[in-house]
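Okay, here's what each chain looks like letter by letter:
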Amino acid sequence: MTTQVWYTSYGSNTHVDRLAHYILGGAPPEANRRYPGCRDRRLPAASVPVELAGALYFATESPVWTGGRAFYDPDAEGRVLARAHLVTAQQFSDIAAQEMYREPGPDTDLDLTRALRDGRAVLGDGRYETLVCAGTLDGHPLLTFTAPWRMRDVSWNAPAADYLRHIAAGLLATGAWDADTVTAYLASCPGVAGHWTERRIGELIAG
């Protein structure tokens, strides 16, 4: 039985302060939503940089940030810069529940069997109800969640400034990538390209 997993974040939860609200509960200063938090309030045992095969893109409309949400297409060409947080399987379920605007609890515990066996499991039609296992690290699975659709099957939508800033800051805090790498990476993502230039993203990072 899997007890610990790497919750692999490619969106705003690359930023550990942001992730803390999903674990501890509360309302982030930049968001208009209060999170109930996880049943287990322990912060991640570790947070490490990882790169995934696939592509990051932005689509739909976030009521929290406004603008497009980040999604991961593991079947697309490219690479995704991400941050993996070592949490319990229960915490992973609770974070996923909050992403779907649900109250964490026993009823929202995820069955990870199919995702671990097949690399993917579509649990529902929701935007973050498809589980992806992108391999293992130090004996624990790299797990994330995304939408059931492919990148090319949905209209892209530019993300808000605060959302991009959080993603960039979270990636930079790992120390694995410099500012030029992060800004070029984000500027090339579908939904960002044509709306946010590397220069403007660099200005967001600089504050």
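In this text, all values refer to a predicted model and were calculated from it rather than measured experimentally.

Quick notes on the rules
- Residues numbered from 1 in each chain as written.
- Predicted model: local features only at pLDDT ≥ 70, side-chain atom pairs only at ≥ 80, totals over all residues.
- Heavy atoms only, no water.
- Helix = DSSP H or I, 4+ residues; strand = E, 2+ residues; numbered from the N terminus.
- Contact = heavy atoms within 4.5 Å.
- Polar contact = N/O pair within 3.5 Å; in protein donor to acceptor, adjacent residues only side chain to side chain.
- Buried < 20%, exposed > 50% of the residue type's maximum accessible area, 1.4 Å probe, protein only.
- Axes fitted to C-alpha atoms, helices over the stretch in contact; angles between N-to-C directions.
- Parallel < 35°, antiparallel > 145°, perpendicular 65-115°, else oblique.
- Left-handed = near helix turned anticlockwise from the far one by under 90°.
- Nonpolar A, V, L, I, M, F, W, Y, C, P; charged D, E, K, R; others polar.
- Pairing = 2+ DSSP bridges.

Peer 1: Help me understand the environment of R150, please; the structure alone is not making it clear to me.
Peer 2: Examined against the element boundaries, R150 turns out to sit in the loop between β8 (140-146) and α4 (161-173). Separated by 134 residues in the primary sequence, R150 and V16 have C-alpha atoms spaced 28 Å apart. Excluding residues within four positions of it along the chain, R150 makes contact with Y57, D73, D75 and A76. Engagement of the side chain of R150 in a polar contact is seen with the side chain of D73, the distance being 3.0 Å.

Peer 1: Help me understand helix α1 (residues 16-24), please; the structure alone is not making it clear to me.
Peer 2: Every α-helix winds through 3.6 residues per turn, so residues three or four apart in the chain are directed the same way. Buried residues of α1: R18, L19, A20, H21, Y22 and I23, and no others. Those residues of α1 hidden inside the fold are in contact with β1 (4-9), β5 (79-88), α2 (89-99) and α4. With its phi angle positive at about 90°, G25 sits one or two positions after the end of α1.

Peer 1: Sorry if this is basic, but what is going on with the packing of helix α5 (residues 179-187) against helix α6 (residues 198-206) here?
Peer 2: What describes two packed helices is the angle between their axes and the distance between those same axes. One can describe the packing of α5 onto α6 by two numbers: an axis separation of 9 Å at closest approach and a directional angle of 125°. Comparing their axes, α6 and α5 come out oblique. α6 is crossed by α5, and the crossing has right-handed handedness. Facing α5, whose interface residues are T183, A184, L186 and A187, α6 presents E198, I201, G202 and I205. Split by residue class, the contact of α5 with α6 holds five nonpolar, two polar and one charged.

Peer 1: What exactly am I supposed to notice about the sheet that holds β5 here?
Peer 2: Picture the strands of a sheet paired through backbone hydrogen bonds; they go either parallel or antiparallel. Ordered in space as β2-β5-β1-β8-β7-β6, the six strands form an open sheet in which the pairing is mixed. Edge positions in the open sheet fall to β2 (47-53) and β6 (120-122), since each of these has one partner strand only. In this sheet, adjacent strand axes meet at a mean angle of 35° when their direction is disregarded. As paired strands, β2 and β5 are joined by seven bridges and run antiparallel to one another. Considered in β5, the bridge of V48 is made with A84. Taken strand by strand, α2 contacts β1, β5, β7 (130-137) and β8, and its axis lies near 120° from that of β5.

Peer 1: Explain the pairing of β8 here, please?
Peer 2: Successive side chains on a regular strand alternate, one facing one side of the sheet and the next facing the other. When you tally the buried positions in β8, you get six out of seven residues, the bulk of the element. Sheet topology note: the β1/β8 ladder contains two bridges and is parallel. In the strand pairing of β8, Y7 is matched with L143. Taken together, the six bridges between β7 and β8 define a ladder with antiparallel strand orientation. Residue pairing across strands places T130 opposite T146, the latter belonging to β8. Between β7 and β8, which pair antiparallel in sequence order, lie two residues; one of them, D138, sits at a positive phi of approximately 55°.

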